[in-house]
Amino acid sequence: MGEVYRATDTNLKRQVAIKVLPATVAQDADRLARFQREAEVLAALNHPHIAAIYGLEKTPEFTALVMELVEGDDLSQLIARRAGPTGPAGLPLDEALPIAKQIAEALEAAHEQGIIHRDLKPANIKVRPDGTVKVLDFGLAKALGPDGGQQAVGSRQGVALSQSPTITTPAMMTGVGMILGTAAYMSPEQAKGRVVDARADVWAFGAVLYEMLTGRRAFEADDVADTLAAVLRSDVQWSLLPAGLSPVIAMYLRRCLHKDLRQRIAHMQDVRLALEGAFETVTILPGAAAEASAAARPGWRRTLPWVAGLAVAAFAAVAAWQLKPDPPRPTARFTIQPENQRFTVGWQLMALSPNGRNLVYAADQRLYLRSMSDFEVHEIPGSEGPLAGPAANPVFSPDGQMVAFYVNNGEIKRIALSGGAAVTVTRTADTVFSGMSWDEDSIVFAGRQRILRVSPAGGEPETLVTAGPDEVVSAPQLLPGGRAVLFSVRKSSVLNWDQGQIVVQRLDSGERKTLVETGAGGRYLSTGHLVYPVAGGLFAVPFDLASLSVTGGAVSIVEGVRRTTNNANGGAFAGAQVSYSATGSLAFVPGPSSITGTADLALFDRAGTAKPLGLRPGRYDSPRVSPDGNFVAFDSEDANGTAVWVYELAGGKVPQRLTFAGKSRYPIWSRDGLWVAFQSDREGDLAIFRQRADGSGQTERLTKPEPGAEHIPQSWSKDGVHLLFSVTKDKGSTLRTLNMQDRQVVPFGDIQSIEPVEGVFSPDGQWVVYRTKETQAPGQVFVTRFPTTGEKYLVCACGHAYWSPRGNELLVNTGAGRSAVIPVTTAPRVTFGQAVDFPRGLRRELSPSITRREADSMPDGQHVIGVMTEVSVAPTVQINIVQNWFEELKRLVPTQ
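Residues numbered from 1 in each chain as written. Predicted model: local features only at pLDDT ≥ 70, side-chain atom pairs only at ≥ 80, totals over all residues. Heavy atoms only, no water.

Let's talk about helix α8 (residues 199-214)
One full turn of an α-helix is made of 3.6 residues, so residues set three or four places apart face in the same direction.
Part 1 of the reasoning: Between its first and last C-alpha atoms α8 spans 23 Å; for 16 residues at 1.5 Å apiece the expected length is 22 Å, and the two agree.
Part 2 of the reasoning: Among the 16 residues that make up α8, 16 are buried, leaving the element largely enclosed by the rest of the structure.
Part 3 of the reasoning: Where α8 ends, the next residue or the one after it, G215, has phi of about 80°, a positive value. (Helix = DSSP H or I, 4+ residues; strand = E, 2+ residues; numbered from the N terminus. Expected span 1.5 Å × (residues − 1). Buried < 20%, exposed > 50% of the residue type's maximum accessible area, 1.4 Å probe, protein only.)

Here it is as structure tokens:
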């Protein structure tokens, strides 16, 4: 891979090794950039048995790595020196096993950081004169191979080769030495050109250990093709192992070199513990293995009792070692930050596999896979498909081989981790998707007011929980045993999930118990904890599964976790960007300690193309355009509360805060553009106030709600005399009008709705379009006269309806994330034309049952002003991984 020189670091006065990269690598900008990124990761490895990388130096003439200089021979030289006149000989056990233990420690440490070697062999292992082992060239196989070591290279014999730094082109395959050495330590999956994980290093370790013990390679032939054929088909000559080798080590060595990945040892920690435990528990006399072998020859009956006794002793020793309590595994932290991808952060973004070895996340409207033992991210083929919306909310199957995910057209799909056709599991009519989980037998998911269960094989979903008409549910988890479901619930009038509750409901009796009064997005973990997000942190409480009860107080365990609440899905999902594996790993997206979103306002044309206003990323809601089109009013939530702001669309200025007392939101303009009405709790109730649009004068109260009622301004009539507003109390919502001249309030028609109702005056003031939902069926939009005469005309089963400036079109929400334009005439009679899709593009289009509409028509009739989705302004995401996190959780929150 280059020429290596001994050199002197003149700054620190130390001896170093400088590896000058080949010109073919140094002149390839793409491979060099990839190499540098991996070198940066490898530089973070700090372990006594891994040769350190000190730096990467570049000049016009060359590129070089500055590395730790390790004195002494490499392991291949030590083994060769043991060969005698009669042939190869292995290292003594008291020399080989300490070396093997140090190699295992190095690999274990690297694997915990998500790094695999891919080219472990004796020539890459140095042994200093004092016996200290240093493993060289970690990760460089991938960095320096063609396309980062991911592309397979075909040989003349048709064997696909990959993941090796020394087999790089067909021309090189005629060589010997290092090339044969590399092939001899390849795992079967490497030899087949497949993507590998840490088990490839386990295989290579087994091959290295076998060679140390016997002096011979486990797989050896005259050329590369035959060597690889031996790896794939030949058996190891186990009879060459030294007679005094512990049966524990022999057993683990066999499992390291098992061709079946499922039977091979998966973790280097297990190998390292075996090496340590064998010294403590097992002592086999020299010659015992040979005598045991003799039992297979004639006369075996004479030695059978002795052999049986030896076997019993050996297995007892192995059992005693295996039953020893494992020491706590150290917690390891590292970061994954894929580049040049747009992440679906408004939904649940990611999922850890149950074994913690794989991470799947949603970006660019598809799913990606990142193995913890790999540097590269791989698209899951088939997850992109002809989808109607972004893939989101991935969850793993219990065996970790499949992923279920939600598509924003009401479908739940599943796909194999290796890719293929995405299979539709079910279609849900619920307008809001609010999280799911996959247990042993079913996929459990939440609509807005239901929790359902469906077989992973597909079919009609079964309703497990039906929420009340004023409730919203989210984040379900079927608890172990299948007798109860954990989920979050909040009032439909409350958008902040931090004001929700975490509850558990028995499936047999329907009995519901509140576990956490203020919080949502809870998950039960096998450690006996209930973990949930609040604001920007994670909290945990001890939880007794048998009694379904919390048994202790809440403790803050992680700070700075990004929420999904109140983001692009309008607060539909109660959780945070966090995932847990069954083996104790934690993955989370870091974020601010508040629930503030990161969006912008934009002008959208009829093609869905966005022109952002360029506001500071923040939380923006309910934009409304002034009648002259020069200003937009909106409400925004930040650390200082919720207020109404006014922004001049000409740009070049900053938004001006219009309200300062209490929580103020839902602004609307008077038709003369002089006033802005809004809802505020500044005087203890949810009433409607108005303020001069320029901020001058005093704020004036307009309505006085009865106890428990909420008033929301909807629209001002053309003459400015009538203010249309909604009244929500208990489980119902109606429309009323306020006469601005005599301040009388009267009902508007006999409208009754189980969800907050909306209404908008037509530009001529003679009609009102409104949405109502009278039953559990979808809501409906009607047009009626003003003043009302009782006649009404059905527009569609849709929502968030408002007029175009000329009054000849209605703009409506036709489903989660969808909108349309419907032509309308009101004279001489009311008629509606064919609906035409209004592409959403990057515009946030919320379900009518979530909140008020998030768009308003501009005076030109060709543009709307709306809220951009958070996806559009969050092009990069950092994902933090904490391995063995359960140990930290148990220390912070002890259970009884």
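Some details on the sheet that holds strand β40 (residues 664-669)
Part 1 of the reasoning: Read from one edge to the other, the open sheet built from 4 strands follows the order β40-β41-β42-β43, with strand pairing classed as antiparallel. The open sheet has two edge strands, β40 and β43 (700-701), and neither has a second partner.
Part 2 of the reasoning: Judged from the 6 bridges that link them, strand β41 (residues 675-680) and strand β42 (residues 687-692) form a sheet pairing that is antiparallel. Residue pairing for β42: F678 is matched across the bridge by F689. (Pairing = 2+ DSSP bridges.)

As for a negative patch on the surface
Part 1 of the reasoning: There is a patch of like negative charges on the surface, built from E220, D222, D223 and D226.
Part 2 of the reasoning: With respect to the secondary-structure elements, D226 resides in helix α9 (residues 224-233).
Part 3 of the reasoning: By relative accessible area, which is 41% here, D226 ends up partly exposed. (Patch = residues over 30% accessible without salt bridge, like charges linked within 9 Å, V, L, I, M, F, W, Y side chains within 5 Å. Areas by Shrake-Rupley, 256 points an atom, 1.4 Å probe, with all protein chains shown as cover. Salt bridge = Lys/Arg side-chain N within 4 Å of Asp/Glu carboxyl O. Lys, Arg positive; Asp, Glu negative; His and termini not counted. Charge placed at Lys NZ, Arg CZ, Asp CG, Glu CD.)

Some remarks on the packing of helix α4 (residues 93-112) against α8
Part 1 of the reasoning: The contact between α4 and α8 brings their axes to 10 Å, and the two run at 170°. Classified by the interaxial angle, the pair formed by α4 and α8 is roughly antiparallel. On α8, the residues that touch L93, A96, L97, I99, A100, I103, A104, L107 and H111 of α4 are D201, F205, V208, L209, M212 and L213.
Part 2 of the reasoning: The class makeup of the residues in the contact of α4 with α8 is 13 nonpolar, 1 polar and 1 charged. (Axes fitted to C-alpha atoms, helices over the stretch in contact; angles between N-to-C directions. Parallel < 35°, antiparallel > 145°, perpendicular 65-115°, else oblique. Contact = heavy atoms within 4.5 Å. Nonpolar A, V, L, I, M, F, W, Y, C, P; charged D, E, K, R; others polar.)

Focus on the pairing of strand β44 (residues 709-716)
Part 1 of the reasoning: Among the 8 residues that make up β44, 8 are buried, leaving the element largely enclosed by the rest of the structure.
Part 2 of the reasoning: One ladder, built from 7 bridges, connects β44 with strand β45 (residues 722-729); its direction is antiparallel. Among the inter-strand pairings, A709 is bridged to a residue of β45, identified as K729.

Focus on the side chain of S187
Part 1 of the reasoning: In this fold, S187 is placed in the loop between α6 (178-184) and α7 (188-191).
Part 2 of the reasoning: Leave out the neighbours within four places in its chain, and S187 touches A200, W203, V231 and R264.

What to know about the environment of T789
Part 1 of the reasoning: As for its position among the elements, T789 is in the loop between β50 (780-785) and β51 (792-796).
Part 2 of the reasoning: Looking at T789, the relative accessible area reads 55%, which means it is exposed.
Part 3 of the reasoning: Note: C-alpha distance between T789 and G749 (40 residues apart in sequence) is 8.1 Å.

Focus on the pattern of salt bridges
Part 1 of the reasoning: Inspection of the entire model under this criterion finds 31 salt bridges.
Part 2 of the reasoning: With a shortest N-O distance of 2.4 Å, D73 and R81 are connected by a salt bridge.
Part 3 of the reasoning: Residue classification places R81 among the exposed residues on the basis of a relative accessible area of 54%.
Part 4 of the reasoning: Note that R128 is salt-bridged to D130, the shortest N-O span being 3.3 Å.
Part 5 of the reasoning: Members of the salt-bridge network, linked through shared partners, are E683, D685, R701 and K704.

A short note on the state of the cysteines
Part 1 of the reasoning: Per the stated rule, a full pass over the model turns up 1 disulfide.
Part 2 of the reasoning: A sulfur-sulfur separation of 1.6 Å characterises the disulfide bridge that pairs C796 with C798. One disulfide, between C796 and C798, carries an S-S torsion of 50° and so falls in the right-handed class.
Part 3 of the reasoning: Of the residues examined, C796 reaches a relative accessible area of 16% and is grouped as buried.
Part 4 of the reasoning: By relative accessible area, C798 is classed as buried at 7%. (Disulfide = S-S within 2.5 Å.)

Things to note about the packing of aromatic side chains
Part 1 of the reasoning: The tally for this structure, following the rule as stated, stands at 13 aromatic pairs.
Part 2 of the reasoning: Judged by centre distance (5.4 Å) and plane angle (10°), the rings of W203 and F219 are stacked. In this pair, W203 is assigned in helix α8 and F219 in the loop between α8 and α9, connecting sequence segments 16 residues apart.
Part 3 of the reasoning: Judged by relative accessible area, which is 0%, W203 ranks as buried.
Part 4 of the reasoning: Here Y524 and F543 contribute two aromatic rings whose centre-to-centre distance is 5.7 Å and whose plane-to-plane angle is 65°, an arrangement assigned as edge-to-face. Highlighted residues: Y524 in strand β27 (residues 523-525) and F543 in strand β29 (residues 537-544), separated in sequence by 19 residues.
Part 5 of the reasoning: What makes F543 buried here is its relative accessible area of 5%. (Phe/Tyr/Trp six-rings, centres within 6.5 Å; stacked < 30°, edge-to-face > 60°.)

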